[in-house]
Amino acid sequence: MTGVQTCALPISIDTLTEAWLKVKAKNSRGGIDFVSVESFDLHAEENLEKILAQLMAQTYISMPMQKTMKRKKNGTFRELGLLTVSDKIVQLAVKMITV
């Protein structure tokens, strides 16, 4: 579901950078915006600053999840919802400062 995410939490560029490094280490797939970890990494500092500016201005908008099917060990499939790289970073950053 798409929605406006507001930033009433003290998220800093350091927190976003730490979250980004964790997302990068997992080398997970990107989402509906087709931005991969590798392409995000090409301009990581600029991308993180843009995310921070949007969070602070309370204009960050999460993207819809990309639906995909993954085969389970027993041969059946299960549906997965893939977040964008940016949304993964924001979610992890929020988790890091609220836990």
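For the structure, check the block above.
A brief structural summary.

Basis of the calculations
Residues numbered from 1 in each chain as written. Predicted model: local features only at pLDDT ≥ 70, side-chain atom pairs only at ≥ 80, totals over all residues. Heavy atoms only, no water. Pairing = 2+ DSSP bridges. Helix = DSSP H or I, 4+ residues; strand = E, 2+ residues; numbered from the N terminus. Salt bridge = Lys/Arg side-chain N within 4 Å of Asp/Glu carboxyl O. Buried < 20%, exposed > 50% of the residue type's maximum accessible area, 1.4 Å probe, protein only. Expected span 1.5 Å × (residues − 1). Contact = heavy atoms within 4.5 Å. Phe/Tyr/Trp six-rings, centres within 6.5 Å; stacked < 30°, edge-to-face > 60°. Arc of directions from axis to C-beta.

1. Topic: the pairing of strand β4 (residues 77-82)
One face of the sheet, then the other: side chains in a regular strand alternate in exactly this way.
Here comes step 1: When strand β3 (residues 66-71) meets β4, the two strands line up antiparallel, connected through six bridges. Looking at the pairing, Lys 70 lines up with Arg 78 of β4.
Here comes step 2: Counted between consecutive antiparallel strands, the loop separating β3 from β4 contains five residues, among which Gly 75 sits at a positive phi close to 95°.

2. Some thoughts on the pattern of salt bridges
Pairing is possible between side chains that carry opposite charge, provided their charged atoms lie close to one another.
Here comes step 1: Applying the stated criterion across every chain yields a total of two salt bridges.
Here comes step 2: Across the salt bridge formed by Lys 22 and Glu 18, the nearest N and O atoms sit 3.9 Å from each other. One end of the pair is Lys 22 and the other is Glu 18, both in helix α1 (residues 13-26) and four residues apart, which spans about a single turn.
Here comes step 3: Given a relative accessible area of 41%, Lys 22 falls into the partly exposed group.
Here comes step 4: The class of Glu 18 is partly exposed, set by a relative accessible area of 41%.
Here comes step 5: The partner of Asp 41 in a salt bridge is Lys 24, and the shortest N-O contact between them spans 3.2 Å. One end of the pair, Asp 41, is in helix α2 (residues 37-42); the other, Lys 24, is in helix α1, with 17 residues separating them in the sequence.

3. Regarding helix α4 (residues 85-98)
Here comes step 1: In this model α4 runs 20 Å from its N-terminal to its C-terminal C-alpha over 14 residues, within 8% of the 20 Å that 1.5 Å per residue would give.
Here comes step 2: Looking only at α4, the buried set comprises Val 85, Ser 86, Asp 87, Lys 88, Ile 89, Val 90 and Ala 93.
Here comes step 3: Buried residues along α4 sit in contact with α1, α2, α3 (44-56) and β2 (60-61).

4. Things to note about the packing of aromatic side chains
Here comes step 1: Following the criterion strictly, the structure yields one aromatic pair and no others.
Here comes step 2: When the centroid spacing of 4.7 Å and the interplanar angle of 45° are considered together, the rings of Trp 20 and Phe 40 count as tilted. Of the two residues, Trp 20 sits in helix α1 while Phe 40 sits in helix α2, which places them 20 residues apart along the sequence.
Here comes step 3: Given the relative accessible area of 3%, Trp 20 is considered buried.

5. What about α1?
At 3.6 residues per turn, the α-helix brings residues three or four places apart onto the same side.
Here comes step 1: For α1, which comprises 14 residues, the first-to-last C-alpha distance of 20 Å matches the rise-based estimate of 20 Å (1.5 Å per residue) to within 8%.
Here comes step 2: Along α1, the residues classified as buried are Thr 15, Leu 16, Ala 19, Trp 20 and Val 23. For α1, the arc enclosing every buried residue in end-on projection is 135°, short of the 170-degree limit, so these residues lie on one face. Of the residues in α1, the exposed ones pointing more than 90 degrees away from the buried face are Asp 14 and Ala 25.
Here comes step 3: Of the surrounding secondary structure, the elements contacted by the buried residues of α1 are α2, α3 and α4.
Here comes step 4: At the C-terminal side of α1, Asn 27 shows a positive phi close to 50°.

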